[in-house]
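# Notes for the structure review
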Amino acid sequence: MPGYIDRSAPLPAWAQAAQHIRRQIETGRLAGGERLPSETELAETFALSRLTVRQALARLADEGLIERRKGIGTFVAPRKVVVQHDLSLSSSWRQRFLADGHQSAAQLLETRTEQRLPPELAALLAPEDPDERLSFLKRLQIVDSTPIGVTESWVPPGVAPDLVGRPLDNGSLSETLRNRYARSAATVESTLETVLATAVDAQLLDTVADVPLFVVTAVSRQKDRSLLEVSRTSWVGGRVRFRFTQSND
């Protein structure tokens, strides 16, 4: 791993070393329970002093990513139980997380009007869908006090005229649409792709850049096939597992 420490960078050397080890853990290259190299070996790898390496390990230990066992060594902490998300079910993912015993919350980061769909999302819509400016909401999804995803939603103003500027019911857009506007999804078409987290993503999700994200894009429609919502959620790959349920009735 030589060369990861940039002496001219504003980030201190110990923080760069911690960042590199953190990335190895977040991406799964270092598995839970795996033993880390010794301080001497890490010092040689990063071309740093043992004191600097010890400072990096102390930060990772404070973050709960590693465990230092006296007389034995330093180990990657056991990974937290990841949450399960079943894309084939129509109930809200937050309801399913709560039913599984998780604490779930959403933090509203941004809301505004007059927001057009990004071109890659607009391409998913049917020709008869309204070509109009939409209400936009951005939320941070938190489960068991850990951020696991960021959701962006676009809603036609005719569906929820005064959506922007008002708090969501229990932080849930689907609950708000159902309770306040008597609107619900009859069908949801979802697509799944993987991308690497940007620096902005990493800061929001309390992770590091280049961590794999699972991006779920969903187009929700009402019973009359009119557009209800377009959403895009970027989930931290190491914190969520996707599941599909198939019925052979």
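Quick look at the structure, then. (Residues numbered from 1 in each chain as written. Predicted model: local features only at pLDDT ≥ 70, side-chain atom pairs only at ≥ 80, totals over all residues. Heavy atoms only, no water.)

### Let's talk about the sheet that holds strand S7 (residues 187-196)
Read across the open sheet, the 6 strands follow the order S4-S5-S6-S9-S8-S7; overall the sheet is antiparallel. The open sheet is flanked by strand S4 (104-115) and S7, the only strands paired with a single partner. Ignoring strand direction, the axes of neighbouring strands in this sheet form an average angle of 15 degrees. (Pairing = 2+ DSSP bridges. Helix = DSSP H or I, 4+ residues; strand = E, 2+ residues; numbered from the N terminus. Axes fitted to C-alpha atoms, helices over the stretch in contact; angles between N-to-C directions.)

### Side note on the packing of helix H2 (residues 39-46) against helix H3 (residues 50-62)
Packing of H2 against H3 leaves a shortest axis separation of 9 Å and a crossing angle of 105 degrees. Relative to H3, the element H2 lies roughly perpendicular. In this structure, H2 contributes Glu39, Thr40, Leu42 and Ala43 to the contact, and H3 contributes Arg50, Val53, Arg54 and Leu57. A class-by-class count of the residues in the contact of H2 with H3 yields 4 nonpolar, 1 polar and 3 charged. (Parallel < 35°, antiparallel > 145°, perpendicular 65-115°, else oblique. Contact = heavy atoms within 4.5 Å. Nonpolar A, V, L, I, M, F, W, Y, C, P; charged D, E, K, R; others polar.)

### Some points on the environment of Leu121
Inspection of the secondary structure assignment puts Leu121 in helix H5 (residues 119-122). Taking the relative accessible area as the measure of exposure, Leu121 reaches 2% and is therefore buried. Each C-alpha atom of the pair Leu121 and Val219 lies 9.1 Å from the other, and the pair is 98 residues apart in sequence. (Buried < 20%, exposed > 50% of the residue type's maximum accessible area, 1.4 Å probe, protein only.)

### Side note on the nonpolar core
With 20 residues, the main nonpolar core has Ile21, Ile25, Phe46, Leu57, Leu60 and Ile66 as its most contacted residues. For this core, the secondary-structure elements that each account for two or more residues are helix H1 (13-26), H2 and H3. It is H1 that provides the largest number of residues to this core, a total of 6 residues. Ignoring sequence-local partners within four residues, the contact set of Leu57 consists of Ile21, Leu36, Glu39, Leu42, Ile66 and Arg68. Counting residues in each nonpolar core, the second largest holds 10 residues, with Val159, Leu163, Leu173 and Leu177 among its members. (Core = buried A, V, L, I, M, F, W, Y, C linked by side-chain atoms within 4.5 Å.)

### A word on the pairing of strand S8 (residues 212-221)
Buried residues dominate S8, accounting for 8 of its 10 residues. For S7 and S8, the ladder comprises 10 bridges, and the chain directions are antiparallel. Counterpart to Val195 in the pairing with S8 is Leu213. With antiparallel pairing between neighbouring strands as the criterion, S8 and strand S9 (residues 227-236) make up a hairpin whose turn holds 5 residues, including Arg225 at a positive phi of roughly 75 degrees.

### Concerning the packing of H1 against H3
The contact between H1 and H3 brings their axes to 8 Å, and the two run at 50 degrees. Judged on the interaxial angle alone, H3 and H1 are oblique. Viewed along their axes, H1 and H3 form a crossing whose handedness is right-handed. Across from Ala13, Trp14, Ala17, Ala18, Ile21 and Arg22 in H1, the residues of H3 making contact are Thr52, Gln55, Ala56, Leu57, Arg59 and Leu60. (Left-handed = near helix turned anticlockwise from the far one by under 90°.)

### Things to note about the environment of Val216
Of note, Val216 is situated in strand S8. On a C-alpha basis, the gap between Val216 and Ser234 in space is 6.5 Å, while along the polypeptide they are 18 residues apart.

### Describing the packing of aromatic side chains
Any aromatic ring pair is given by two values, namely how distant the centres are and how the planes are angled relative to each other. Here the structure, examined in full by the defined rule, presents 1 aromatic pair. On the numbers, 5.3 Å between centres and 50 degrees between planes, the contact of Phe136 with Trp154 is tilted. Residue Phe136 is found in strand S5 (residues 134-143), and its partner Trp154 is found in strand S6 (residues 146-155); the two are separated by 18 residues along the sequence. The residue whose ring lies beneath Arg69 is Phe75, and the NZ or CZ to ring-centre distance is 4.1 Å. (Phe/Tyr/Trp six-rings, centres within 6.5 Å; stacked < 30°, edge-to-face > 60°. Lys NZ or Arg CZ within 6 Å of the ring centre and 35° of its normal.)

### What to know about unusual backbone geometry
You will see that Asp144, though not glycine, has its phi angle at about 55 degrees, which is positive. Relative to the elements of secondary structure, Asp144 occurs in the loop between S5 and S6. Residue Asp144 is classed as partly exposed on the basis of its relative accessible area of 35%. Here Asn170, not a glycine, exhibits a phi torsion of approximately 55 degrees, which is positive. Turning to its location among the elements, Asn170 is positioned in the loop between S6 and helix H6 (173-181).

### Thoughts on H6
Regarding H6, the residues found buried are Leu173, Glu175, Thr176, Leu177 and Tyr181. Looking at the buried side of H6, the elements it contacts are S5, S6 and S9.

### Considering H1
For H1, which comprises 14 residues, the first-to-last C-alpha distance of 20 Å matches the rise-based estimate of 20 Å (1.5 Å per residue) to within 8%. The element H1 is largely enclosed, with a buried count of 12 among its 14 residues. Among the residues making up H1, those that are buried are Trp14, Ala15, Gln16, Ala17, Ala18, His20, Ile21, Arg22, Arg23, Gln24, Ile25 and Glu26. In this structure, the buried residues of H1 make contact with H2, H3, strand S1 (66-69) and strand S2 (73-76). Immediately downstream of H1, the backbone of Gly28 shows phi near 85 degrees, a positive value. (Expected span 1.5 Å × (residues − 1).)

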